[in-house]
Amino acid sequence: MDENSVERPLLLSRGAERVKKTPLFVSWAKWILKFVIWVIFLAWAALIFFIPAQSVNEAFEKWAQLTSGSVFGITGSIFLVFSGPVLIIAFLSIAYLLISGEEELHERKASTKPRFCLWTFPVLVDGPFGVVSATELIGIVLFVVYVIWAVYAYTTQILSVISQFQYTLKQKSCLILEYLGLRFGTTGLYCLAFLFLPVARGSVLLRLIDIPFEHATRYHVWLGHLTMLLFTLHGLFYIIAWTIEGDLLQEILEWKDIGVANLAGVISLAAGLLMWMTSLHPVRKQKFELFFYTHQLYVIFVVFLALHVGDFVFSIAAGGIFLFILDRFLRFCQSRRTVDIISAKCLPCGTVELMLSKPGNLRYNALSFIFLRVRELSWLQWHPFSVSSSPLDGKYHLSVLIKVLGEWTEKLRGNIMNGFEADLHLQPQTKITASVEGPYGHELPYHLMYENLILVAGGIGISPFLAILSDILHRTRERKPCLPRNILIVWAVKRSNELPLLSTNDMESICPFFSDKLNLEIRIFVTRESQPLLEEGLVHEATNSSPPMSDSCSMSVLVGTGNNIWSGLYVISSTLGFVIIIYILDIFYINPYDISSWWYKGLLFVICMLASVFIFGGIVVGLWHLWERQNAAKEACKDDRIMVEKMQNNEIVAHKDSCQQKLASSTNSYYGSRPDFKGIFGDISEKWGCVDIGVIVCGPPTLQTSVAKEIRSHNIRRQHHHPIFHFNSHSFDL
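Owing to the predicted nature of the structure, the values given are computational and were not obtained by experimental measurement. Sequence order as written defines the numbering, with residues in each chain counted from 1. This being a predicted model, a pLDDT of at least 70 is required before a residue's local features are given, and a value of 80 or more before pairs of side-chain atoms are given or counted; all residues contribute to the totals for chains, interfaces and linings. Heavy atoms throughout the structure, all of them, feed into the side-chain values; hydrogens and water do not.

Caption draft 1: Geometry of the side chain of aspartate 327. Secondary structure elements are defined from DSSP: runs of H or I of at least 4 residues count as helices, runs of E of at least 2 residues count as strands, and each element is numbered from the N terminus. Following the sequence through the fold, aspartate 327 ends up in helix H16 (residues 318–335). Any two residues having at least one pair of non-hydrogen atoms within 4.5 Å are treated as being in contact. The contacts of aspartate 327, once residues within four sequence positions are left out, are Val199, Ala200, Arg201, Gly202 and Ser203.

Printed below as a string of structure tokens:
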């Protein structure tokens, strides 16, 4: 099929559904909300950037002193300036998501001319940061410039002060070291204000800017390195100064009531250093469990940081930490539910396919992923997996493909095989008890935003692309808005026994005659085999097992793409509850009893944050759970739904042959070679012409680097009649 076989985008094809236009007042409301959010964010970022300047710092200190006599004191003043903007943006984000609904994506049409996008243009492809887009590079540069500017400003200030007095060299050295140590710690706190935002997996902020959690973790890693570097310098400078003064041990063990509690700071820094060292890539790759368990020390790090600096200094970074606590509590509530495994299948290539039960109102898209825990294997280990099914495949289930690579996945496959053998011998099956967090992912499925798609997969990285194909085929059949019409799949595998993974989707049964409506080409590269195996044409049957269901439960909708109204009520009620608890504590305890200890007030501040989430947020979560159960009760009997979906899945098997024949004409296999992306992109450039092409990569870092390098090269050297390639990554790496 050539590129002219499809004349018009499916979104604009004859007979397709017409998308209802957004009312004018809704568009205006969205524009106003966006404008206000940007103004608040830029003002907040500008304050943090310029506060090292002496004039700005003095103006802020005067304002803090003027408002120190208010109900909440200086703590309230600092919290309002540094943490308040984050929470206000979260409130506005909830309003924006509520009025946006799901219409924004469907209103987008294919552009007539290709355009460069900063966030999809790879600038750096080799280096410690991995593949970095132009937008990400701008963010990195801004943070580096901020740190350099802050160090310069603070150094200039202390030198100008010291020059006015007659100090000995020893006194000057100690003063400079202690002052710079203090300022490194302050700058680290400003970075800490951003650090917890990317790891709030279901955060409304990530959903607002449409950054999925697997991308946001990179920003958390970068910010973590910068923050811990600043805190380490903070502690190191003080240690050197105390050593010069000769009272190192006394200073380290000091725990003041009025002032900074040094010992608490040492404990917090020690916990942070342990997290930092075990999160370095070599350790994380070789000893993932050590990294995972050590990272739970963030509780010690945060609590003792509050004890170290007191409530008013801690409030600088409290906004991001509070949003993380909100997300963590929701995840805890969601993960306590046992989720039914409808079916478990062991494929011949060493891959496990699990079908999990979900409620009908749980939303996700074809590029979502979940965190999965199997209690029979481990009570603590959570593993991320891409969803391999489209939300249109079934209303009450989703599927994941799990490649057997390590000890945990090997045990999972063994449990499923034991269950299959128990079926054959009529013995009791091995029970599999699953818990799920998520789904997480893009708020809007960006694979539907491109008329032309190149999907590059390495090994099990084909999993999310199976979901994309299924999603596009379902939308095509049901005449739903769908831009993609030209799709190229480039799949690199080590062995040919992985090829049957493509057969998990029966394209012909999903959308009959899809080849007349979709230009699909598949190029498979088998890298470790020089020629096809003799038995390649044989059908390898999978081992099926249906584990015994526990309590007929489906996964919860509390996080991920949960209900916007309930999640909004949860955030707002918890925040208002925090203000109320702080107010009551000040009126009836702190002020009457003249509580002045910094570390104690810091501890009370953290307790109030937790109590507001558990009490006020917990009430909303309880009501949300009751609402969810009532909705589930109104739906049809779950056993009937599952049986219907199982019957549908069984019917798919009957159409495998027709699907294989249809795919054969559009599938090319290459043995003993790796994908030549320079040739592939060059061929596509001539074939598809001057268009936007979305490239989505799911695979190891080397694959991402190779693709990003060619995209950068083609975009820089492109001619006017060639396309613009847009790089998107879907690989998850903790």
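Next comes the rest of the account.
Caption draft 2: A look at the packing of helix H7 (residues 169–195) against helix H9 (residues 213–245). The geometry of H7 relative to H9 is characterised by a closest axis approach of 8 Å and an angle of 160 degrees between their N-to-C directions. Considering their axes alone, H7 and H9 lie roughly antiparallel with respect to each other. As for the relative orientation of H7 and H9, their crossing is left-handed in sense. Residues are sorted three ways: Asp, Glu, Lys and Arg are charged, Ala, Val, Leu, Ile, Met, Phe, Trp, Tyr, Cys and Pro are nonpolar, and all the rest, Gly among them, are polar. Here the contact of H7 with H9 is composed, by residue class, of 21 nonpolar, eight polar and three charged. Only the stretch in contact is used when fitting a helix axis, every axis being a line fitted to C-alpha atoms; angles between N-to-C directions are given from 0 to 180 degrees. To sort the angles, those under 35 degrees are grouped as roughly parallel, those over 145 as roughly antiparallel, those from 65 to 115 as roughly perpendicular, and the leftovers as oblique. Less than a right angle of anticlockwise turn of the near helix away from the far helix marks a crossing as left-handed, whereas a clockwise turn marks it as right-handed.

Caption draft 3: Structural context of H9. The terminal C-alpha atoms of H9 lie 47 Å apart, and with 33 residues this matches the ideal 48 Å at 1.5 Å per residue to within 8%. Of the residues one or two after H9, glycine 246 is the one with positive phi, at around 90 degrees. Helix span, as expected, comes to 1.5 Å for every residue beyond the first.

Caption draft 4: Structural context of the environment of alanine 216. The residue alanine 216 is located in helix H9 in this model. Exposure classes here rest on a 1.4 Å probe applied to the protein chains alone. A residue is buried below 20% of its type maximum, exposed above 50%, and partly exposed in between. A relative accessible area of 0% means that alanine 216 is categorised as buried. Each C-alpha atom, one on alanine 216 and one on leucine 197, is 8.7 Å from the other, the two residues being 19 residues apart in sequence. Discounting chain neighbours no more than four positions away, the residues touching alanine 216 are Pro198, Leu206 and Ile211.

Caption draft 5: Highlighting the confidence of the model for the protein chain. Per-residue confidence from the predictor is reported as pLDDT, a score between 0 and 100. When the pLDDT values of the protein chain are averaged, the result is 82; 83% of them are 70 or greater. Considering each helix and strand of the protein chain separately, the mean pLDDT is smallest for helix H22 (residues 638–653), with a value of 43, and largest for helix H14 (residues 298–309), with 96. Here residues 424–428 is modelled with pLDDT under 50, and outside its nearest four sequence neighbours on either side it reaches two contacts, counting other chains as well. Counting contacts from residues 636–660, a segment whose pLDDT is below 50, to residues more than four positions away or on other chains yields 30 contacts.

Caption draft 6: Examining the sheet that holds strand E5 (residues 369–374) more closely. Here a strand pair is declared whenever DSSP counts at least two bridges between the two strands. Spatial strand order, E6-E5-E8: three strands in an open sheet with antiparallel pairing. Bordering the open sheet on either side are strand E6 (383–386) and strand E8 (434–440), each of which pairs with just one other strand. Neighbour-to-neighbour, the strand axes of this sheet turn through a mean angle of 30 degrees, independent of strand direction. Bridge count for E5 against E8 is five bridges, and the pairing is antiparallel. Within the sheet, the bridge partner assigned to arginine 373 lies in E8 and is serine 435. Here H16 sits on the sheet and contacts E5 and E8; the angle it forms with E8, its principal contact strand, is near 140 degrees.

Caption draft 7: Local environment of the pattern of salt bridges. Between Lys or Arg on one side and Asp or Glu on the other, a salt bridge is scored when a side-chain nitrogen of the former is within 4 Å of a carboxyl oxygen of the latter. Evaluation of the coordinates by the stated rule reveals 12 salt bridges. For arginine 218, the salt bridge identified is with glutamate 136, shortest N-O distance 3.1 Å. Here arginine 218 is found in helix H9, whereas its partner glutamate 136 is found in helix H6 (residues 134–162), with 82 residues between them in sequence. Taking relative accessible area as the criterion, arginine 218 reaches 23% and is therefore assigned partly exposed. Under the relative-accessibility criterion, glutamate 136 is labelled buried at 14%. Several salt bridges converge on common partners, so that one network encompasses Arg201, Asp327, Arg331 and Glu437.

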